[in-house]
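Reading the structure
One-letter residues, chain by chain:
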Amino acid sequence: MPSQIFHPEFKPRPFWWETYAPEAQAPIDLPKETRVAIIGAGYAGLSAALALNEAGLDCLVLDANEPGFGASTRNGGMVSGGVNVSKRYVARPLSAEEAVPFLNDAADAFAHVETLITREKIACHWTKAGYFLGAWCQSHYRAMEKKVQALNADAQSGAYIVPRERQREEIGSDYYRGGMVVERAAHIHPALYYKGLLNLIRKRSIPVAAKTPVTGLVQSASGWTVETPRGPVKAGDVVIATNAYTGNVTPQFKRRLVPVGSYIIATEELPPDIAASLSPKNRSFADTRRVLTYFRMSPDGRRLIFGGRAKFGQTDPVETAPILYRFMLDRYPQLKGTRITHAWTGNVAFTLDEMPHMGRLDNLHYALGCNGSGIAMLSYLGFQTGRKIAGRVNRICAFDQEEFPTHPLYHGNTWFVPWIGRYFRTRDWIDRNILG
(Lines give C-alpha, C1' and ligand atoms only; values in the text may rest on other atoms or scores of the structure.)
Protein backbone atom coordinates (compact mmCIF):
# COMPACT_ATOMS: atom_id res chain seq x y z
CA MET A 1 0.00 0.00 0.00
CA PRO A 2 2.61 2.67 0.91
CA SER A 3 3.86 3.27 -2.64
CA GLN A 4 0.32 3.34 -4.02
CA ILE A 5 -1.00 6.03 -1.71
CA PHE A 6 1.38 8.75 -2.87
CA HIS A 7 0.37 11.02 -5.74
CA PRO A 8 2.91 11.24 -8.61
CA GLU A 9 3.44 14.91 -7.66
CA PHE A 10 3.77 14.17 -3.93
CA LYS A 11 5.73 16.69 -1.84
CA PRO A 12 7.18 16.08 1.65
CA ARG A 13 6.35 19.61 2.80
CA PRO A 14 3.33 21.44 4.24
CA PHE A 15 0.34 21.82 1.96
CA TRP A 16 -0.04 25.35 3.37
CA TRP A 17 3.29 26.35 1.84
CA GLU A 18 1.74 26.14 -1.62
CA THR A 19 0.10 29.47 -0.74
CA TYR A 20 2.64 30.99 1.63
CA ALA A 21 6.01 29.56 2.62
CA PRO A 22 8.47 31.11 5.07
CA GLU A 23 10.56 33.51 3.04
CA ALA A 24 14.23 34.37 3.18
CA GLN A 25 14.52 37.70 4.97
CA ALA A 26 16.92 40.47 4.09
CA PRO A 27 19.43 40.73 6.93
CA ILE A 28 18.91 43.65 9.28
CA ASP A 29 21.49 45.55 11.31
CA LEU A 30 21.12 44.44 14.90
CA PRO A 31 20.56 47.33 17.29
CA LYS A 32 23.05 47.73 20.11
CA GLU A 33 20.19 47.73 22.57
CA THR A 34 16.42 47.36 22.74
CA ARG A 35 13.80 47.66 25.45
CA VAL A 36 12.62 44.07 24.94
CA ALA A 37 14.24 41.18 23.08
CA ILE A 38 11.84 38.46 21.95
CA ILE A 39 13.31 35.05 21.17
CA GLY A 40 11.13 33.18 18.69
CA ALA A 41 9.18 34.63 15.75
CA GLY A 42 6.12 32.38 15.91
CA TYR A 43 2.59 33.31 16.93
CA ALA A 44 3.61 34.11 20.52
CA GLY A 45 6.68 36.15 19.63
CA LEU A 46 4.95 38.28 17.00
CA SER A 47 1.91 38.79 19.23
CA ALA A 48 4.13 39.97 22.09
CA ALA A 49 5.88 42.37 19.72
CA LEU A 50 2.56 43.84 18.55
CA ALA A 51 1.43 44.41 22.14
CA LEU A 52 4.72 46.10 23.05
CA ASN A 53 4.56 48.27 19.94
CA GLU A 54 1.02 49.36 20.79
CA ALA A 55 2.32 50.44 24.20
CA GLY A 56 5.11 52.46 22.64
CA LEU A 57 7.96 50.15 23.68
CA ASP A 58 10.64 49.21 21.17
CA CYS A 59 11.48 45.55 20.75
CA LEU A 60 13.52 43.18 18.63
CA VAL A 61 12.36 39.73 17.48
CA LEU A 62 15.07 37.11 16.90
CA ASP A 63 14.63 33.75 15.23
CA ALA A 64 17.09 30.94 14.55
CA ASN A 65 15.46 30.24 11.18
CA GLU A 66 13.23 32.06 8.74
CA PRO A 67 10.23 33.56 10.56
CA GLY A 68 7.36 31.09 10.51
CA PHE A 69 9.49 28.05 9.70
CA GLY A 70 8.22 26.19 12.76
CA ALA A 71 4.76 25.12 13.84
CA SER A 72 3.12 28.47 13.04
CA THR A 73 2.91 27.55 9.34
CA ARG A 74 2.71 23.76 9.79
CA ASN A 75 -0.24 23.14 12.13
CA GLY A 76 -3.72 21.91 11.22
CA GLY A 77 -5.29 25.37 11.30
CA MET A 78 -7.94 24.51 13.90
CA VAL A 79 -8.89 27.18 16.44
CA SER A 80 -10.66 25.75 19.47
CA GLY A 81 -12.94 27.63 21.77
CA GLY A 82 -11.55 26.22 25.00
CA VAL A 83 -12.56 22.58 24.60
CA ASN A 84 -8.99 21.36 25.19
CA VAL A 85 -8.45 23.21 28.46
CA SER A 86 -8.40 20.83 31.44
CA LYS A 87 -8.27 17.78 29.14
CA ARG A 88 -5.66 15.88 31.11
CA TYR A 89 -4.39 12.32 30.78
CA VAL A 90 -1.22 12.50 32.86
CA ALA A 91 -1.88 15.17 35.50
CA ARG A 92 -4.81 15.35 37.87
CA PRO A 93 -7.91 16.57 36.01
CA LEU A 94 -9.11 20.00 37.07
CA SER A 95 -12.29 20.14 39.10
CA ALA A 96 -15.21 22.08 37.64
CA GLU A 97 -14.46 24.99 39.98
CA GLU A 98 -10.73 25.00 39.23
CA ALA A 99 -11.33 24.97 35.48
CA VAL A 100 -13.51 28.12 35.43
CA PRO A 101 -10.78 30.80 35.13
CA PHE A 102 -8.90 28.78 32.53
CA LEU A 103 -12.04 28.28 30.45
CA ASN A 104 -12.78 31.99 30.73
CA ASP A 105 -9.34 32.91 29.42
CA ALA A 106 -9.54 30.24 26.71
CA ALA A 107 -12.73 31.97 25.55
CA ASP A 108 -10.87 35.29 25.59
CA ALA A 109 -8.08 33.71 23.54
CA PHE A 110 -10.54 32.68 20.83
CA ALA A 111 -12.08 36.16 20.85
CA HIS A 112 -8.62 37.74 20.61
CA VAL A 113 -7.78 35.84 17.42
CA GLU A 114 -11.20 36.48 15.88
CA THR A 115 -11.03 40.20 16.67
CA LEU A 116 -7.48 40.53 15.38
CA ILE A 117 -8.27 38.82 12.08
CA THR A 118 -11.42 40.90 11.60
CA ARG A 119 -9.95 44.24 12.65
CA GLU A 120 -6.74 43.89 10.62
CA LYS A 121 -8.51 42.25 7.67
CA ILE A 122 -6.11 39.28 7.65
CA ALA A 123 -7.06 37.12 4.65
CA CYS A 124 -6.58 33.64 6.12
CA HIS A 125 -9.90 31.87 5.36
CA TRP A 126 -11.27 32.38 8.87
CA THR A 127 -14.26 30.01 8.98
CA LYS A 128 -16.29 29.88 12.16
CA ALA A 129 -18.01 26.59 11.37
CA GLY A 130 -17.67 24.77 14.67
CA TYR A 131 -15.91 21.65 15.84
CA PHE A 132 -17.00 18.06 16.31
CA LEU A 133 -15.23 15.99 18.95
CA GLY A 134 -15.80 12.31 18.32
CA ALA A 135 -16.19 9.99 21.32
CA TRP A 136 -13.73 7.12 21.07
CA CYS A 137 -15.83 5.01 23.45
CA GLN A 138 -18.98 5.17 25.57
CA SER A 139 -17.17 6.32 28.71
CA HIS A 140 -15.73 9.28 26.79
CA TYR A 141 -19.21 10.14 25.54
CA ARG A 142 -20.54 10.13 29.11
CA ALA A 143 -17.69 12.43 30.16
CA MET A 144 -18.71 14.84 27.39
CA GLU A 145 -22.24 14.97 28.77
CA LYS A 146 -20.80 16.24 32.05
CA LYS A 147 -18.50 18.76 30.37
CA VAL A 148 -21.01 20.54 28.14
CA GLN A 149 -22.50 22.68 30.89
CA ALA A 150 -19.09 24.01 32.00
CA LEU A 151 -18.02 24.76 28.43
CA ASN A 152 -21.17 26.75 27.80
CA ALA A 153 -21.15 28.57 31.14
CA ASP A 154 -17.45 29.42 31.31
CA ALA A 155 -16.13 29.34 27.71
CA GLN A 156 -19.26 30.44 25.82
CA SER A 157 -18.71 27.38 23.61
CA GLY A 158 -22.19 26.78 22.26
CA ALA A 159 -21.60 23.09 22.93
CA TYR A 160 -24.09 20.26 22.69
CA ILE A 161 -24.06 16.49 22.67
CA VAL A 162 -24.65 14.48 19.49
CA PRO A 163 -25.79 10.86 20.04
CA ARG A 164 -24.39 8.18 17.77
CA GLU A 165 -27.60 7.82 15.79
CA ARG A 166 -27.37 11.50 14.78
CA GLN A 167 -23.64 11.93 14.20
CA ARG A 168 -24.06 11.61 10.42
CA GLU A 169 -25.51 15.11 10.60
CA GLU A 170 -22.03 16.30 11.61
CA ILE A 171 -19.57 13.88 10.01
CA GLY A 172 -19.76 11.48 7.09
CA SER A 173 -18.67 8.56 9.25
CA ASP A 174 -20.05 5.95 11.66
CA TYR A 175 -16.71 5.51 13.40
CA TYR A 176 -17.44 7.26 16.69
CA ARG A 177 -19.74 6.51 19.61
CA GLY A 178 -21.42 9.89 19.26
CA GLY A 179 -19.70 13.13 20.12
CA MET A 180 -19.90 16.78 21.02
CA VAL A 181 -20.24 19.88 18.87
CA VAL A 182 -18.55 23.12 19.91
CA GLU A 183 -20.08 25.89 17.82
CA ARG A 184 -17.58 28.52 18.96
CA ALA A 185 -14.65 27.09 17.05
CA ALA A 186 -13.07 27.84 13.71
CA HIS A 187 -10.49 26.83 11.16
CA ILE A 188 -8.09 28.95 9.17
CA HIS A 189 -5.19 28.76 6.75
CA PRO A 190 -2.44 28.86 9.42
CA ALA A 191 0.34 30.05 7.13
CA LEU A 192 -1.77 32.94 5.82
CA TYR A 193 -2.65 33.88 9.40
CA TYR A 194 1.05 33.92 10.18
CA LYS A 195 1.73 35.99 7.06
CA GLY A 196 -0.89 38.45 8.28
CA LEU A 197 0.84 38.79 11.66
CA LEU A 198 4.21 39.24 9.97
CA ASN A 199 2.77 41.91 7.68
CA LEU A 200 1.51 43.80 10.75
CA ILE A 201 5.00 43.58 12.24
CA ARG A 202 6.51 45.01 9.06
CA LYS A 203 3.86 47.71 8.81
CA ARG A 204 4.81 48.86 12.29
CA SER A 205 8.54 48.70 11.46
CA ILE A 206 9.27 46.22 14.24
CA PRO A 207 12.68 44.66 13.50
CA VAL A 208 12.82 40.90 12.97
CA ALA A 209 16.25 39.27 12.77
CA ALA A 210 16.03 35.99 10.84
CA LYS A 211 18.73 33.33 10.89
CA THR A 212 19.95 34.84 14.14
CA PRO A 213 20.07 32.17 16.84
CA VAL A 214 20.54 33.28 20.42
CA THR A 215 23.68 31.63 21.78
CA GLY A 216 23.67 33.03 25.30
CA LEU A 217 21.80 35.14 27.84
CA VAL A 218 23.75 37.06 30.47
CA GLN A 219 21.94 38.97 33.19
CA SER A 220 23.31 42.14 34.77
CA ALA A 221 22.00 44.90 36.99
CA SER A 222 20.76 46.83 33.96
CA GLY A 223 19.00 43.91 32.25
CA TRP A 224 20.24 41.33 29.78
CA THR A 225 22.90 40.83 27.17
CA VAL A 226 21.52 38.68 24.35
CA GLU A 227 24.42 36.99 22.59
CA THR A 228 24.18 36.03 18.91
CA PRO A 229 26.70 35.07 16.18
CA ARG A 230 26.18 38.57 14.81
CA GLY A 231 27.04 40.32 18.03
CA PRO A 232 25.43 41.13 21.39
CA VAL A 233 22.24 43.10 22.02
CA LYS A 234 21.44 44.70 25.36
CA ALA A 235 17.81 44.38 26.48
CA GLY A 236 15.82 45.50 29.49
CA ASP A 237 13.56 42.44 29.31
CA VAL A 238 13.64 39.15 27.41
CA VAL A 239 10.64 37.09 26.26
CA ILE A 240 11.09 33.37 25.56
CA ALA A 241 8.62 32.36 22.83
CA THR A 242 10.33 29.29 21.38
CA ASN A 243 7.69 26.73 22.42
CA ALA A 244 8.47 23.25 20.98
CA TYR A 245 11.77 24.49 19.56
CA THR A 246 13.21 25.55 22.92
CA GLY A 247 16.91 24.71 23.17
CA ASN A 248 19.89 24.61 25.47
CA VAL A 249 20.21 28.39 25.87
CA THR A 250 17.24 28.24 28.25
CA PRO A 251 17.55 24.87 30.03
CA GLN A 252 15.06 25.96 32.71
CA PHE A 253 12.37 26.00 30.01
CA LYS A 254 13.63 23.04 28.02
CA ARG A 255 13.11 20.83 31.07
CA ARG A 256 9.52 22.04 31.38
CA LEU A 257 8.49 21.34 27.78
CA VAL A 258 8.14 18.01 25.99
CA PRO A 259 8.37 18.43 22.19
CA VAL A 260 6.30 15.84 20.33
CA GLY A 261 6.08 15.47 16.57
CA SER A 262 2.64 15.91 15.05
CA TYR A 263 2.14 14.59 11.52
CA ILE A 264 -0.25 15.70 8.80
CA ILE A 265 -1.20 14.56 5.30
CA ALA A 266 -3.24 16.25 2.58
CA THR A 267 -5.22 14.29 0.03
CA GLU A 268 -5.47 14.99 -3.66
CA GLU A 269 -8.55 16.92 -4.80
CA LEU A 270 -11.62 14.78 -4.15
CA PRO A 271 -14.75 14.29 -6.25
CA PRO A 272 -17.22 17.03 -5.21
CA ASP A 273 -19.83 14.61 -3.85
CA ILE A 274 -17.26 12.76 -1.73
CA ALA A 275 -15.72 16.00 -0.45
CA ALA A 276 -19.13 17.39 0.51
CA SER A 277 -20.05 14.22 2.40
CA LEU A 278 -17.02 14.21 4.71
CA SER A 279 -17.98 17.33 6.62
CA PRO A 280 -21.60 18.29 5.87
CA LYS A 281 -21.35 21.52 7.88
CA ASN A 282 -17.67 22.23 7.13
CA ARG A 283 -16.73 21.56 10.74
CA SER A 284 -13.27 20.62 11.94
CA PHE A 285 -12.83 17.32 13.79
CA ALA A 286 -10.86 15.59 16.49
CA ASP A 287 -11.46 12.64 18.76
CA THR A 288 -10.95 11.66 22.38
CA ARG A 289 -8.32 9.02 21.74
CA ARG A 290 -5.12 9.48 23.66
CA VAL A 291 -3.38 8.86 20.33
CA LEU A 292 -5.17 11.87 18.93
CA THR A 293 -6.28 12.46 15.35
CA TYR A 294 -7.62 15.75 13.98
CA PHE A 295 -8.86 16.67 10.52
CA ARG A 296 -10.76 19.21 8.43
CA MET A 297 -11.36 20.16 4.84
CA SER A 298 -8.96 22.47 3.04
CA PRO A 299 -10.11 26.11 2.66
CA ASP A 300 -11.44 25.41 -0.84
CA GLY A 301 -13.30 22.31 0.39
CA ARG A 302 -11.59 20.00 -2.11
CA ARG A 303 -9.09 18.08 0.04
CA LEU A 304 -9.02 16.46 3.44
CA ILE A 305 -6.26 17.64 5.79
CA PHE A 306 -5.67 14.80 8.25
CA GLY A 307 -3.26 14.88 11.19
CA GLY A 308 -2.39 13.10 14.38
CA ARG A 309 0.15 11.39 16.57
CA ALA A 310 1.13 8.79 14.01
CA LYS A 311 4.27 8.11 16.03
CA PHE A 312 5.50 9.41 19.35
CA GLY A 313 8.90 10.94 18.78
CA GLN A 314 10.62 12.40 15.74
CA THR A 315 10.60 10.60 12.40
CA ASP A 316 10.25 11.21 8.68
CA PRO A 317 6.71 12.37 7.75
CA VAL A 318 6.86 10.15 4.66
CA GLU A 319 7.32 7.17 6.97
CA THR A 320 4.29 8.12 9.04
CA ALA A 321 2.04 8.97 6.08
CA PRO A 322 0.81 5.35 5.65
CA ILE A 323 -0.13 5.25 9.34
CA LEU A 324 -2.19 8.43 9.02
CA TYR A 325 -3.66 7.10 5.80
CA ARG A 326 -4.87 4.00 7.65
CA PHE A 327 -6.35 6.15 10.42
CA MET A 328 -8.10 8.23 7.75
CA LEU A 329 -9.64 5.13 6.12
CA ASP A 330 -10.82 3.88 9.51
CA ARG A 331 -12.94 6.99 9.74
CA TYR A 332 -13.70 7.44 6.05
CA PRO A 333 -13.68 4.08 4.21
CA GLN A 334 -15.06 5.90 1.17
CA LEU A 335 -11.61 7.48 0.67
CA LYS A 336 -9.98 4.16 -0.21
CA GLY A 337 -7.83 4.69 -3.29
CA THR A 338 -7.40 8.41 -2.64
CA ARG A 339 -3.79 9.52 -2.95
CA ILE A 340 -1.71 11.83 -0.78
CA THR A 341 -0.15 14.96 -2.26
CA HIS A 342 1.62 16.31 0.86
CA ALA A 343 2.97 14.95 4.14
CA TRP A 344 4.74 16.98 6.80
CA THR A 345 5.50 17.34 10.46
CA GLY A 346 6.11 19.95 13.13
CA ASN A 347 6.69 19.97 16.86
CA VAL A 348 4.00 20.51 19.47
CA ALA A 349 5.08 21.47 23.00
CA PHE A 350 3.43 19.64 25.88
CA THR A 351 3.85 20.65 29.49
CA LEU A 352 3.98 18.29 32.44
CA ASP A 353 0.62 19.54 33.70
CA GLU A 354 -0.81 19.67 30.15
CA MET A 355 -1.65 23.38 30.43
CA PRO A 356 -0.29 26.41 28.52
CA HIS A 357 1.84 28.79 30.59
CA MET A 358 2.97 32.39 30.67
CA GLY A 359 4.87 34.15 33.41
CA ARG A 360 8.34 34.99 34.61
CA LEU A 361 11.10 32.57 35.61
CA ASP A 362 14.68 33.55 36.43
CA ASN A 363 13.70 37.09 35.36
CA LEU A 364 12.82 35.84 31.87
CA HIS A 365 9.28 36.34 30.57
CA TYR A 366 7.77 33.44 28.67
CA ALA A 367 4.70 32.25 26.74
CA LEU A 368 5.05 28.51 26.18
CA GLY A 369 3.37 25.12 26.08
CA CYS A 370 0.53 25.19 23.57
CA ASN A 371 -0.43 21.52 24.16
CA GLY A 372 -1.95 21.44 20.67
CA SER A 373 -3.92 24.70 20.93
CA GLY A 374 -1.23 27.02 19.63
CA ILE A 375 -3.16 29.30 17.29
CA ALA A 376 -5.44 30.72 19.96
CA MET A 377 -3.40 30.18 23.11
CA LEU A 378 0.03 31.33 21.94
CA SER A 379 -1.39 34.32 20.08
CA TYR A 380 -3.21 35.29 23.27
CA LEU A 381 -0.47 34.52 25.80
CA GLY A 382 2.14 36.28 23.67
CA PHE A 383 -0.08 39.36 23.51
CA GLN A 384 -0.76 39.21 27.25
CA THR A 385 2.97 38.92 27.95
CA GLY A 386 3.66 42.07 25.94
CA ARG A 387 0.93 43.95 27.76
CA LYS A 388 2.24 42.71 31.10
CA ILE A 389 5.75 44.04 30.39
CA ALA A 390 4.21 47.36 29.33
CA GLY A 391 2.17 47.54 32.54
CA ARG A 392 -1.14 47.50 30.70
CA VAL A 393 -2.89 44.55 32.34
CA ASN A 394 -5.73 45.10 34.77
CA ARG A 395 -5.98 41.49 35.89
CA ILE A 396 -3.77 38.42 36.06
CA CYS A 397 -4.36 35.89 33.28
CA ALA A 398 -5.31 32.43 34.61
CA PHE A 399 -2.41 30.88 32.71
CA ASP A 400 0.05 33.32 34.36
CA GLN A 401 1.02 31.25 37.38
CA GLU A 402 4.10 31.09 39.57
CA GLU A 403 4.28 27.32 39.23
CA PHE A 404 5.56 25.91 35.93
CA PRO A 405 5.95 22.21 36.71
CA THR A 406 9.00 20.15 35.90
CA HIS A 407 10.37 16.81 37.09
CA PRO A 408 13.72 16.18 38.76
CA LEU A 409 14.53 13.39 36.27
CA TYR A 410 13.60 15.33 33.13
CA HIS A 411 16.08 17.70 31.49
CA GLY A 412 14.77 17.81 27.92
CA ASN A 413 15.70 14.32 26.72
CA THR A 414 12.47 12.81 25.34
CA TRP A 415 13.61 9.17 25.35
CA PHE A 416 10.44 8.22 27.27
CA VAL A 417 7.94 9.61 24.73
CA PRO A 418 7.69 6.38 22.62
CA TRP A 419 6.93 4.48 25.84
CA ILE A 420 4.13 6.91 26.66
CA GLY A 421 2.87 6.30 23.13
CA ARG A 422 2.73 2.56 23.76
CA TYR A 423 0.88 3.13 27.02
CA PHE A 424 -1.63 5.46 25.31
CA ARG A 425 -2.27 2.95 22.52
CA THR A 426 -2.89 0.21 25.09
CA ARG A 427 -5.27 2.39 27.07
CA ASP A 428 -7.09 3.38 23.87
CA TRP A 429 -7.53 -0.28 22.94
CA ILE A 430 -8.87 -1.14 26.39
CA ASP A 431 -11.27 1.82 26.39
CA ARG A 432 -12.65 0.94 22.96
CA ASN A 433 -12.72 -2.86 23.05
CA ILE A 434 -13.16 -3.82 26.68
CA LEU A 435 -14.73 -0.92 28.52
CA GLY A 436 -16.75 0.11 25.46
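**Remarks on the sheet that holds strand β15 (residues 293-297)**
Paired through their backbone hydrogen bonds, the strands of a sheet run either parallel or antiparallel. Taking strand neighbours across the sheet as the criterion, the nine strands line up as β1-β17-β13-β16-β15-β14-β5-β7-β6 in an open arrangement whose pairing is mixed. Both outer strands of the open sheet, β1 (6-11) and β6 (159-162), are each paired with one neighbouring strand and no more. Mean inter-strand twist for the sheet, computed between neighbouring axes without regard to direction, equals 25°. Its contacts with the sheet put helix α3 (residues 138-154) on β5 (131-134), β6 and β7 (179-182), and the angle it makes with β6 is roughly 160°.

**Quick look at the packing of helix α2 (residues 96-119) against helix α8 (residues 374-389)**
Helix-helix packing: each pair is described by the crossing angle between the helix axes and the interaxial distance. As a packed pair, α2 and α8 sit with axes 8 Å apart at the nearest point and diverge in direction by 90°. The angle between α2 and α8 falls in the class roughly perpendicular. For the pair formed by α2 and α8, the contact residues are D105, A106, D108, A109, F110, H112 and V113 on the first element and I375, A376, M377, S379, Y380 and F383 on the second. Here the contact of α2 with α8 is built from residues that sort into nine nonpolar, two polar and two charged.

**Things to note about helix α1 (residues 43-54)**
The terminal C-alpha atoms of α1, which comprises twelve residues, lie 17 Å apart, in line with the 16 Å expected from a rise of 1.5 Å per residue. Counted residue by residue, α1 has ten buried out of twelve residues, so it is predominantly covered. Taken residue by residue, α1 has Y43, A44, G45, L46, S47, A48, A49, L50, A51 and L52 as its buried positions. Those residues of α1 that are buried lie in contact with β2 (33-39), β3 (59-62), α4 (190-203), β19 (364-368) and α8. Just past α1, the residue G56 takes up positive phi, approximately 85°.

**Overview of the packing of aromatic side chains**
Tallying each qualifying case throughout the model produces 18 aromatic pairs. Here the aromatic rings of F6 and F10 are separated by 4.6 Å at their centres, their planes lie at 65°, and the arrangement is edge-to-face. Assessed through its relative accessible area of 19%, F6 is described here as buried. Cluster of aromatic residues (ring-pair linked, three or more members): F132, F285, F295, F306 and Y332. The cationic tip of R432 hangs over the ring face of W136; the distance from NZ or CZ to the ring centre is 4.4 Å. The ring of Y175 carries the charged tip of R432 above its face, separated from the ring centre by 4.5 Å.

**Focus on the pairing of β15**
In terms of burial, β15 is a largely internal element, five of the five residues being buried. Here β15 shows no split at all, with T293, F295 and M297 on one side and Y294 and R296 on the other all buried. Sheet analysis places strand β14 (residues 284-287) next to β15, joined by two bridges and oriented antiparallel. Note that in β15 the partner of A286 across the bridge is Y294. Hairpin remark: β14 followed by β15, antiparallel, with five residues in the connecting loop. Relative to strand β16 (residues 304-308), β15 runs antiparallel, the two being bridged by five bridges.

Criteria and thresholds
Residues numbered from 1 in each chain as written. Predicted model: local features only at pLDDT ≥ 70, side-chain atom pairs only at ≥ 80, totals over all residues. Heavy atoms only, no water. Pairing = 2+ DSSP bridges. Helix = DSSP H or I, 4+ residues; strand = E, 2+ residues; numbered from the N terminus. Axes fitted to C-alpha atoms, helices over the stretch in contact; angles between N-to-C directions. Contact = heavy atoms within 4.5 Å. Parallel < 35°, antiparallel > 145°, perpendicular 65-115°, else oblique. Nonpolar A, V, L, I, M, F, W, Y, C, P; charged D, E, K, R; others polar. Expected span 1.5 Å × (residues − 1). Buried < 20%, exposed > 50% of the residue type's maximum accessible area, 1.4 Å probe, protein only. Phe/Tyr/Trp six-rings, centres within 6.5 Å; stacked < 30°, edge-to-face > 60°. Lys NZ or Arg CZ within 6 Å of the ring centre and 35° of its normal.

In short, geometric facts, not functional conclusions.
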